[in-house]
Amino acid sequence: MLARFYDPSSGSIQVDGTDLREVSLESLSQQIGIVFQDSFLFHSSVGENLRYANPDATPENIEAATSAAHIHDFIQSLPEGYETVVGERGHRLSGGEKQRMAIARVILKDPRIVILDEATSNLDTLSEQFIQAALRPLFAGRTSFVIAHRLSTVLAADVILVFDGGRLVERGTHWELVRQGGLYADLYERQFSSGQREHEDQDLVAARL
């Protein structure tokens, strides 16, 4: 609803007091950057995929974004560097590499609002570590909404909302929720003590303001 893929059936979604239905989709799109669970890349070069977010980006802008996303060195190691064609949907890249490309693309866009939709859910531990490092510059100075099952993605959020079966059941910071001893505390204990993944009907939404 924040990106206006669909509108609420009642009430409103507002940014800075303005109902999103009162602004153009083009204007809204310019203010929002999204990293999905499965990031889409075109059958084109690395550089062209990045410039999709900002056609006027200079090589210096692109290198700064990829460095912040911890993907620059990898791109430089490719046969043709930034001119390397990644293949349809980026099939020549691993999941972690595609996610860091997507993060670099959002950094290059420089939106006011960032949405991460399960951006680390299918990654191995090493890839997730790279992604976590890439997220710090992405979140800086922006309002960020993070939807995740892996708690490592949301630990530092200003507000964590815990949903169970589609219902909001808890709200607070990480340590407030741990002290409450409820569902979040149980998920935290299970994930960090045994590495188990959360049940699929239990979602976390983190708002970093």
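Note that the coordinates shown come from a computational prediction; the quantities given were computed from them, not determined experimentally.

## Description of the nonpolar core
When a protein is soluble and globular, its nonpolar side chains tend to lie buried together. Core analysis: the largest hydrophobic core is formed by 40 residues, its most contacted members being Val 46, Leu 50, Met 101, Ile 103, Leu 116 and Leu 138. At the level of elements, helix H2 (46-51), helix H3 (59-68), helix H5 (95-109), strand E4 (113-117), helix H6 (125-139), strand E5 (143-148), strand E6 (159-164) and helix H8 (183-194) are the ones that each hand at least two residues to this core. With seven residues, the top contributor of residues to this core is H5. Once you skip the residues sitting within four places of it in the chain, Met 101 turns out to touch Leu 41, Val 46, Asn 49, Leu 50, Ile 71, Ile 75 and Leu 93. Core analysis: the second largest hydrophobic core is formed by seven residues, Leu 2, Val 15, Leu 28 and Ile 32 among them.

## Focus on unusual backbone geometry
Backbone geometry places Asp 16, a non-glycine residue, at a positive phi of 55 degrees. With respect to the element layout, Asp 16 can be found in the loop between strand E1 (14-15) and strand E2 (18-19). Even without being a glycine, His 70 presents a positive backbone phi close to 55 degrees. Relative to the elements of secondary structure, His 70 occurs in the loop between H3 and helix H4 (72-77). Classification of His 70 by relative accessible area gives partly exposed; the value is 38%.

## Brief notes about H5
Relative to the 21 Å expected for 15 residues at 1.5 Å per residue, H5 spans 21 Å between its end C-alpha atoms, a close match to the ideal helical length. Of all 15 residues that make up H5, 13 are buried, and the element is covered over most of its length. Following H5 by one or two positions, Asp 110 has its phi on the positive side, about 60 degrees.

## With respect to the pairing of strand E7 (residues 167-172)
Looking at chain direction, E6 and E7 are connected through five bridges and run antiparallel. Looking at E7, one finds that Ile 160 is bridged to Gly 172. Where E6 hands over to E7, the hairpin turn is made up of two residues, of which Gly 165 adopts a positive phi near 60 degrees.

## Some points on the packing of aromatic side chains
This model, assessed by the stated rule, comprises two aromatic pairs. Between the aromatic rings of Phe 40 and Phe 42, the centroid separation amounts to 4.9 Å while the plane-to-plane angle is 80 degrees, which identifies the pairing as edge-to-face. What makes Phe 40 partly exposed here is its relative accessible area of 32%. Accessibility expressed as a relative area gives 33% for Phe 42, which makes it partly exposed. By the ring-pair criterion, three or more aromatic residues cluster together here, those being Phe 40, Phe 42 and Tyr 52.

## What to know about the environment of Ala 68
Within the fold, Ala 68 resides in helix H3. Take Ala 68: its relative accessible area is 21%, and that puts it in the partly exposed class. Here the alpha-carbon distance between Ala 68 and Ala 134, two residues 66 residues apart in the chain, equals 6.1 Å.

## Concerning the pattern of salt bridges
Between side chains of opposite charge, a pair can form when the charged atoms approach closely. Here the structure, examined in full by the defined rule, presents five salt bridges. Linking Asp 16 and Arg 112 is a salt bridge whose minimum nitrogen-to-oxygen distance equals 2.5 Å. Of this pair, Asp 16 sits in the loop between E1 and E2 while Arg 112 sits in the loop between H5 and E4, placing them 96 residues apart in sequence. Owing to a relative accessible area of 63%, Asp 16 belongs among the exposed residues under this scheme. With a closest N to O distance of 3.2 Å, Asp 186 and Arg 190 form a salt bridge. Separated by four residues within a single helix, Asp 186 and Arg 190 lie in helix H8, roughly one turn from each other. For Arg 190, a relative accessible area of 25% gives the class partly exposed.

Rules of the game
- Residues numbered from 1 in each chain as written.
- Predicted model: local features only at pLDDT ≥ 70, side-chain atom pairs only at ≥ 80, totals over all residues.
- Heavy atoms only, no water.
- Core = buried A, V, L, I, M, F, W, Y, C linked by side-chain atoms within 4.5 Å.
- Buried < 20%, exposed > 50% of the residue type's maximum accessible area, 1.4 Å probe, protein only.
- Helix = DSSP H or I, 4+ residues; strand = E, 2+ residues; numbered from the N terminus.
- Contact = heavy atoms within 4.5 Å.
- Expected span 1.5 Å × (residues − 1).
- Pairing = 2+ DSSP bridges.
- Phe/Tyr/Trp six-rings, centres within 6.5 Å; stacked < 30°, edge-to-face > 60°.
- Salt bridge = Lys/Arg side-chain N within 4 Å of Asp/Glu carboxyl O.

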